[in-house]
Amino acid sequence: MIWQVDLLILVLVVICALATITTKDLLGASVIFGVYSFMMCLLWAEMGAVDVAFTEATVGAGVSTILFIAAILRTTRRSKD
Amino acid sequence: MKTLQQRYEGRGLGHDLIIQTSVRLMVPFIQLFGLYVIVHGHYSPGGGFQGGVLLGASFILLALAFDIKMSMRHFSERINLVLGNTGALLFVGTGVLCALVGGLFLDYSALTALFPMDAIEWRSFGIFIVEVGVGLAVASIMLSLYWDLSSNGDLEEGL
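Below, the discussion takes up the overall build of chain B. Each helix and strand counted, chain B has six helices and zero strands in total. Secondary structure elements in chain B, listed N-terminal to C-terminal, are α-α-α-α-α-α. Taken over the C-alpha trace, chain B has a radius of gyration of 20 Å; the compact-globule value for 159 residues is 15 Å, which it surpasses by more than 25%. Its C-alpha atoms give chain B principal-axis dimensions of about 65 × 30 × 20 Å. Counting every position in chain B, which comprises 159 residues, the buried fraction comes to 38%. Long-range pairs, those at least 24 residues apart, make up 59% of the contacts in chain B between residues at least 6 apart in sequence.

Below, the discussion takes up the interface of chain A and chain B. Opposite the 13 residues of chain A that make contact, chain B presents 23 residues. Overall, the association of chain A and chain B removes approximately 1,500 Å² of surface from exposure, summing both partners, and the carbon and sulfur fraction of that is 78%. Linking chain A with chain B are zero salt bridges, by the criterion used here. Joining chain A to chain B, the criterion identifies four residue pairs in polar contact (both at pLDDT 80 or more). Of the residues assigned to the side of chain A that touches chain B, the class counts are nine nonpolar, two polar and two charged.

Among the structural elements, glutamine 20 of chain B can be located in helix 2 (residues 17–39). Ignoring sequence-local partners within four residues, the contact set of glutamine 20 of chain B consists of His15, Ala65 and Phe66 of chain B.

Below, the discussion takes up the packing of helix 2 of chain B against helix 3 (residues 48–65) of chain B. Residues and elements named next belong to chain B. Taken N-terminus to C-terminus, the directions of helix 2 and helix 3 make an angle of 165°; their axes are 8 Å apart at the nearest point. Our classification of the angle between helix 2 and helix 3 gives roughly antiparallel. The chirality of how helix 2 crosses helix 3 is left-handed. Two secondary-structure elements touch here, helix 2 through Ile19, Gln20, Val23, Met26, Val27, Ile30, Gln31, Phe33, Gly34, Leu35, Val37 and Ile38 and helix 3 through Gly48, Gln50, Gly51, Gly52, Leu54, Leu55, Ser58, Phe59, Leu61, Leu62 and Ala65. In terms of residue class, the contact of helix 2 with helix 3 is built from 15 nonpolar, eight polar and no charged.

Moving on: the environment of phenylalanine 29 of chain B. Mapped onto the elements of the fold, phenylalanine 29 of chain B is located in helix 2. Between the C-alpha atoms of phenylalanine 29 of chain B and serine 58 of chain B, which are 29 residues apart in sequence, the distance is 9.2 Å.

Moving on, we come to the packing of aromatic side chains. All names here are of chain B. This structure, assessed with the given rule, holds eight aromatic pairs over all chains. Relative to tyrosine 36, the ring of phenylalanine 33 has its centre 6.1 Å away and its plane inclined at 25°; by these criteria the two rings are stacked. Here phenylalanine 33 pairs with tyrosine 36, and both are found in helix 2, just three residues apart, close to one helical turn. Judged by relative accessible area, which is 41%, phenylalanine 33 ranks as partly exposed. Chaining the aromatic ring pairs together yields one cluster made of Phe115, Trp122, Phe125 and Phe128.

Residue and element names in this part refer to chain A. According to the stated counting rule, one finds zero disulfides over all chains in the structure shown. With no disulfide of its own, cysteine 16 lies 13 Å from the sulfur of cysteine 41, the closest cysteine sulfur. Given a relative accessible area of 9%, cysteine 16 falls into the buried group.

All names here are of chain B. For the pair helix 3 and helix 6 (residues 119–150), interaxial distance at closest approach is 7 Å and the crossing angle is 30°. Relative to helix 6, the element helix 3 is oriented roughly parallel. Once helix 3 is placed against helix 6, the crossing between them reads as right-handed. Mapping the contact onto sequence places Gly48, Phe49, Gly52, Val53, Leu55, Gly56, Phe59, Ile60, Ala63 and Leu64 in helix 3 and Glu131, Val134, Gly135, Val138, Ala139, Met142, Leu143 and Tyr146 in helix 6.

Conventions and cut-offs
- Residues numbered from 1 in each chain as written.
- Chains lettered and ligands numbered in written order.
- Predicted model: local features only at pLDDT ≥ 70, side-chain atom pairs only at ≥ 80, totals over all residues.
- Heavy atoms only, no water.
- Helix = DSSP H or I, 4+ residues; strand = E, 2+ residues; numbered from the N terminus.
- Rg over C-alpha atoms; globule rule 2.2 N^0.38 Å.
- Buried < 20%, exposed > 50% of the residue type's maximum accessible area, 1.4 Å probe, protein only.
- Contact = heavy atoms within 4.5 Å.
- Buried area = accessible area lost by both parts, 1.4 Å probe.
- Salt bridge = Lys/Arg side-chain N within 4 Å of Asp/Glu carboxyl O.
- Polar contact = N/O pair within 3.5 Å; in protein donor to acceptor, adjacent residues only side chain to side chain.
- Nonpolar A, V, L, I, M, F, W, Y, C, P; charged D, E, K, R; others polar.
- Axes fitted to C-alpha atoms, helices over the stretch in contact; angles between N-to-C directions.
- Parallel < 35°, antiparallel > 145°, perpendicular 65-115°, else oblique.
- Left-handed = near helix turned anticlockwise from the far one by under 90°.
- Phe/Tyr/Trp six-rings, centres within 6.5 Å; stacked < 30°, edge-to-face > 60°.
- Disulfide = S-S within 2.5 Å.

Written out as structure tokens, the structure reads:
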């Protein structure tokens, strides 16, 4: 464990989380959420939990981002009301 | 209403040769790695779930780069149904079989009554069978989640 790397990734995780909940655009928010998942994956791999990091990389950064984007493409740009 | 395909072509976003060629080259290696993760899961990081997601994601990648029909040619809806249910049955069946021959649910060492092998050997082999079942189920459910979500349920055209 290198604490500088941990700190850097943790700061990036917090930045990505804040950006995800403040972004108005749904597509942008889901892409930043993918970046958040990848940063969590790096953090877990760096802390030695390779199994959890593997799950996060496949499910969090891979499939769930695609599912979010597939769901967003079925919505309209602006709400009717 | 215009189809998604026509909307893409109207914006000049058709199929791309570079993406299609690289996906065509990458997909066999992703699938091989997924199978490796499934069958090697009980010795190293990974396992049925992660390997299954990798297998499903390789077909999702085909659907993203080409078309939803392309992934359905390689992994048809019927095979998807059969494999998903086979995986779930393999998992539950192994567990119930252990309970029937005198152990607890998923207590693999009880299977020595069926096939004489060392109890420790059966523990390793039983978790392998369960991992294969989980991998099959997860791969087909991931793929059908993507198909249904991206094509609005009619499986005609994807993203």
